[in-house]
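Listed below are the residues making up each chain.
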Amino acid sequence: CSTCKRAKAWLTENGVAFDDRHIVEDNPTAEELSRFLGGKITVNNSMLTTSTYYSCMQIRCGSIAKLPIKLMKWEKGGSTKAEEHPLYELLRLRPNIYMSTYDFLWATEFQRLHYGNAFWVPEWSAKGIRALHLLDSRRVQIVVDDTGLITGDNAVYYIYTDSRKGMLIYRNEDICHFKNYSLDGIKGTSISKYLYATIWNEQLANTVLGEKYSSGL
């Protein structure tokens, strides 16, 4: 904004050292904002307890995992079940040898909500897709290559750090990405972070208004 630009120009002209930080791309945390305001704002942790959070997550993830999945195909007469497609049996019974459909969907929804993102990667054979694997969202880095540094093409890449295979790079068409509260359409936001920020903002607004009214606003 213009105020920040004027402040930066004044600091530069007067030789004052400062850290240049884009707060839109790198949002300050609640603790940092609290320090900026003199440490007057604290988040009431009792408003969102751990037990309440995980109880809600259990209900939500369990409900999603119980939903039937229907893989459909579109024909002239309308839509019908695509029973001949390899994904039909994978999604209906067991996406991979390690997880049932219930566990697979439960873990997918949990990662989407808790971490903000969930990722599926297909495993291919000569006959087509043979399995679906859920990546650990904590090991995935989303890279927007708008200059073509990686392969020469402008695209979104997903860099996954595997404990055995090392770094694996997936293009956006090679991966299924499920987002939660995405503000840019590229990366999701954790629901716990979103709730924490919402509660903190409400407390901040109430505190500031209270101070204004007490001072005779």
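Before reading further, recall that the structure is shown in the block above.
Model, not experiment: these values are computed from the prediction. (Residues numbered from 1 in each chain as written. Predicted model: local features only at pLDDT ≥ 70, side-chain atom pairs only at ≥ 80, totals over all residues. Heavy atoms only, no water.)

A. Structural context of the pairing of strand S6 (residues 155–162). Counting buried positions along S6 gives seven out of eight residues, so the element sits mostly inside the fold. Pairing between strand S5 (residues 140–145) and S6: six bridges, direction antiparallel. Paired with Ile142 across the strands is Tyr158, a residue of S6. Between the antiparallel neighbours S6 and strand S7 (residues 166–171) lie three residues. (Buried < 20%, exposed > 50% of the residue type's maximum accessible area, 1.4 Å probe, protein only. Helix = DSSP H or I, 4+ residues; strand = E, 2+ residues; numbered from the N terminus. Pairing = 2+ DSSP bridges.)

B. Representation of the nonpolar core. Listed in full, the 12 residues of the largest apolar core are Ala65, Leu87, Leu90, Leu91, Met99, Phe104, Leu105, Ala107, Trp120, Ile129, Leu132 and Leu134. Elements with a minimum of two residues in this core: helix H4 (86–92), helix H5 (101–114) and strand S4 (128–134). Among the nonpolar cores identified, the runner-up in size contains nine residues, and Leu135, Tyr158, Tyr160 and Ile175 belong to it. (Core = buried A, V, L, I, M, F, W, Y, C linked by side-chain atoms within 4.5 Å.)

C. Representation of the sheet that holds S4 in the model. Taken together, three strands build an open sheet; the order of strands is S4-S3-S8 and the sheet is antiparallel. Both edges of this open sheet fall to S4 and strand S8 (176–179), since each of them pairs with a single strand only. Each strand of the sheet is rotated relative to its neighbour by a mean of 20°, with strand direction disregarded. Pairing of strand S3 (residues 117–125) with S4, which is carried by six bridges, proceeds in the antiparallel orientation. Opposite Glu123, over in S4, you have Ala131 as the bridge partner. On the sheet, H5 packs against S3, S4 and S8 and is oriented at approximately 140° with respect to S3. (Axes fitted to C-alpha atoms, helices over the stretch in contact; angles between N-to-C directions. Contact = heavy atoms within 4.5 Å.)

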